[in-house]
Amino acid sequence: MDCWHLCYNRHMNDIDRKLLLRTAEIAHDAMERGNHPFGALLADRDGNILMEQGNAFTEGGSAYHAETLLLLKAAKKYSPEFLHECTLYSNFEPCCMCTGALYWTNVGRLVFGATEKELLKFTGDHEENPTFSLSSREVVSHGQKDIVIEGPTDDEELLSLLVRDHLDFWK
């Protein structure tokens, strides 16, 4: 069985929870600047934050997702070998585009708070975020790399903080 099957929410620790909470803060800051409430960060193997990125809808529309923007910047700054030891954190499960960016930049681990299906409950058919019904695990399962995927969180308090800005945003 591939790693993406085995790593379902099994190793989320206190550092992961702390960094997921930071993604909610990044997402809130993005929303305060007129963007969609999504946030991502890249951390090294010790949990040190290397980069942060909020959604940038106002700069480039629906394609300017936090995760993809962050990963493209990371690919310019770090080697694929280094990135394989890093973790991408996101308040929501990355879409297929962002998961593809994770795959191609060689980041070896993903931790997310809420699922793509959970996001669909908030966005519905909103034209600015036509949410896919395709999990990051499904995307990675069709590739050739071992990428550890952990999420969604089972911490209800953390989950409520991760999704709070979405409650009224998409209406």
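Participant: Please set out the pairing of strand β3 (residues 87–92) residue by residue, giving values where relevant.
Facilitator: Of all 6 residues making up β3, 6 are buried, and the element is well covered by its neighbours. Note: strand β1 (residues 39–43) against β3, 4 bridges, orientation antiparallel. For Leu41, the partnering residue across the bridge sits in β3 and is Tyr89. Alignment of β3 against strand β4 (residues 109–114), held across 5 bridges, turns out to be parallel. Considered in β4, the bridge of Leu88 is made with Leu110.

Participant: Give me the lowdown on the sheet that holds strand β5 (residues 148–150), citing residues and values where you can.
Facilitator: Sheet architecture is open: 5 strands sit in the order β2-β1-β3-β4-β5, paired in mixed fashion. Two strands lie at the open edges of the sheet, namely β2 (49–54) and β5, each paired on one side alone. Neighbour-to-neighbour, the strand axes of the sheet open up by a mean angle of 15°, direction not taken into account. One ladder, built from 3 bridges, connects β4 with β5; its direction is parallel. Considered in β5, the bridge of Arg109 is made with Val148. This element, helix α2 (residues 14–32), spans β1, β2, β3, β4 and β5 of the sheet and lies at about 140° to β1.

Participant: I'd love a proper account of helix α6 (residues 96–105), names of residues and values included.
Facilitator: Burial runs high along α6: 7 of the 10 residues are buried. Turning to α6, its buried residues number three or more, namely Cys98, Thr99, Gly100, Ala101, Leu102, Tyr103 and Thr105. Those residues of α6 hidden inside the fold are in contact with α4 (66–77), α5 (80–84), β3, β4 and α8 (136–141). Positive backbone phi, at 80°, marks Asn106, one or two positions downstream of α6.

Participant: Tell me about the confidence of the model for the protein, and please be specific about residues and values.
Facilitator: Confidence along the protein averages 90 in pLDDT terms, with 92% of residues attaining 70 or more. Below pLDDT 50 for its whole length, residues 1–10 participates in 23 contacts with residues either more than four positions away or in separate chains.

Participant: Tell me about the packing of α2 against helix α9 (residues 156–163), and name the residues and values.
Facilitator: Axis separation between α2 and α9 bottoms out at 8 Å; the angle between their running directions is 25°. With respect to α9, the axis of α2 lies roughly parallel. Here the hand of the crossing between α2 and α9 comes out left-handed. On α9, the residues that touch Arg17, Leu20, Leu21, Thr23 and Ala24 of α2 are Leu158, Leu161 and Leu162. Split by residue class, the contact of α2 with α9 holds 6 nonpolar, 1 polar and 1 charged.

Participant: Describe in detail the pattern of salt bridges, supporting the description with residues and values.
Facilitator: Here the structure, examined in full by the defined rule, presents 9 salt bridges. Residues Arg22 and Glu25 are paired through a salt bridge, measuring 3.0 Å at the closest nitrogen-oxygen approach. Taken together, the residues span about one helical turn, with Arg22 and Glu25 both in helix α2 at a distance of 3 residues. The exposure class assigned to Glu25 is partly exposed, which follows from its relative accessible area of 34%. A salt bridge links Glu52 to Arg22, with the shortest nitrogen-to-oxygen separation between them at 2.8 Å. One end of the pair, Glu52, is in strand β2; the other, Arg22, is in helix α2, with 30 residues separating them in the sequence. Using a relative accessible area of 34% as the deciding quantity, one classes Glu52 as partly exposed. Salt bridges here are not isolated pairs; linked through shared partners, they connect Asp16, Arg109 and Glu150.

Rules behind the numbers
- Residues numbered from 1 in each chain as written.
- Predicted model: local features only at pLDDT ≥ 70, side-chain atom pairs only at ≥ 80, totals over all residues.
- Heavy atoms only, no water.
- Buried < 20%, exposed > 50% of the residue type's maximum accessible area, 1.4 Å probe, protein only.
- Helix = DSSP H or I, 4+ residues; strand = E, 2+ residues; numbered from the N terminus.
- Pairing = 2+ DSSP bridges.
- Axes fitted to C-alpha atoms, helices over the stretch in contact; angles between N-to-C directions.
- Contact = heavy atoms within 4.5 Å.
- pLDDT = per-residue confidence, 0-100.
- Parallel < 35°, antiparallel > 145°, perpendicular 65-115°, else oblique.
- Left-handed = near helix turned anticlockwise from the far one by under 90°.
- Nonpolar A, V, L, I, M, F, W, Y, C, P; charged D, E, K, R; others polar.
- Salt bridge = Lys/Arg side-chain N within 4 Å of Asp/Glu carboxyl O.

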